[in-house]
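Commentary on secondary and tertiary structure
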Amino acid sequence: METKSLALMVLVVVAVASMWGVKMAEAAPSAAQCKQQRTLAVNACKPVIFGKLPSPECCQRARVTNFECVCPYVTPKLAALVDLNRIIRLIEGCGRKVPRHLKCGSITTP
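Residues numbered from 1 in each chain as written. Predicted model: local features only at pLDDT ≥ 70, side-chain atom pairs only at ≥ 80, totals over all residues. Heavy atoms only, no water.

1. Brief notes about the overall build of the protein
Scanning the protein from N- to C-terminus turns up seven helices and two strands. Beginning at the N terminus, the succession of helices and strands in the protein can be written as α-α-α-α-α-α-α-β-β. Looking at the protein as a whole, 45% of its 110 residues qualify as buried. Residue pairs in contact within the protein that sit at least 24 positions apart in sequence constitute 82% of those at least 6 positions apart. (Helix = DSSP H or I, 4+ residues; strand = E, 2+ residues; numbered from the N terminus. Buried < 20%, exposed > 50% of the residue type's maximum accessible area, 1.4 Å probe, protein only. Contact = heavy atoms within 4.5 Å.)

As structure tokens, then:
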């Protein structure tokens, strides 16, 4: 189950990273706010790791979670667990454009 949680975190990370330009202009969230944002995002998006499409709640979490809260958690081990192209398709299905060559932790989008 830990592997699936890590894969879900990558989905959330890439989703949030896709909107980094907007979120970077705001005040940086506290450590407690970041932890809460990550928890809410992971809980809202859990069905995605079982092959389901993102729910409206998952897409909403991807739109409101701060980039700074999730990218530090993208390690090479975590990045190796997911199909980045699938994640990008899912994120764009939520209405977010994923920038080309975006660097988030150890992931760089194509």
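Read on for the rest.
2. Here's the deal with the state of the cysteines
Across all of its chains, the model carries four disulfides by this definition. The disulfide partner of Cys45 is Cys58, and the gap between their sulfur atoms is 2.0 Å. Between Cys45 and Cys58 the disulfide shows an S-S torsion of about 105°. By sign, it is right-handed. Of this pair, Cys45 sits in helix H3 (residues 31-45) while Cys58 is found in helix H4 (residues 56-64), placing the two residues 13 residues apart along the sequence. Comparing Cys45 with Cys58 shows no difference in burial state: the two are buried. (Disulfide = S-S within 2.5 Å.)

3. Comments concerning the nonpolar core
Within the largest apolar cluster, 12 residues are counted, these being Phe67, Cys71, Val74, Ala79, Val82, Leu84, Ile87, Ile88, Ile91, Val98, Cys104 and Ile107. The element best represented in this core is helix H7 (residues 84-93), accounting for four residues. (Core = buried A, V, L, I, M, F, W, Y, C linked by side-chain atoms within 4.5 Å.)

4. Some details on H4
Taken together, the buried positions of H4 are Cys58, Cys59 and Ala62. Projection of H4 onto a plane perpendicular to its axis shows the buried side chains occupying an angular sector of 100°, all on one side. Residues of H4 that are exposed and angled more than 90 degrees away from the buried face: Pro56 and Glu57. (Arc of directions from axis to C-beta.)

5. Things to note about the packing of H3 against H4
Two packed helices can be described by the angle between their axes and the distance between those axes. Between H3 and H4, the least distance of the axes is 8 Å, while the angle of their chain directions is 155°. In terms of orientation, H3 lies roughly antiparallel with respect to H4. The chirality of how H3 crosses H4 is left-handed. Judged by residue contacts, Gln37, Leu40, Ala41, Ala44 and Cys45 of H3 engage Glu57, Cys58, Arg61 and Val64 from H4. Of the residues contributing to the contact of H3 with H4, the split by class is six nonpolar, one polar and two charged. (Axes fitted to C-alpha atoms, helices over the stretch in contact; angles between N-to-C directions. Parallel < 35°, antiparallel > 145°, perpendicular 65-115°, else oblique. Left-handed = near helix turned anticlockwise from the far one by under 90°. Nonpolar A, V, L, I, M, F, W, Y, C, P; charged D, E, K, R; others polar.)

6. Focus on the confidence of the model for the protein
Overall, the prediction assigns the protein a mean pLDDT of 80, with 76% of residues at 70 or greater. For the protein, helix H2 (residues 20-24) is the element with the lowest average pLDDT, namely 45, and H3 is the one with the highest, namely 94. Taken together, the stretch residues 18-25 has pLDDT below 50 and engages in 22 contacts with residues farther than four places along the chain or on a different chain. (pLDDT = per-residue confidence, 0-100.)

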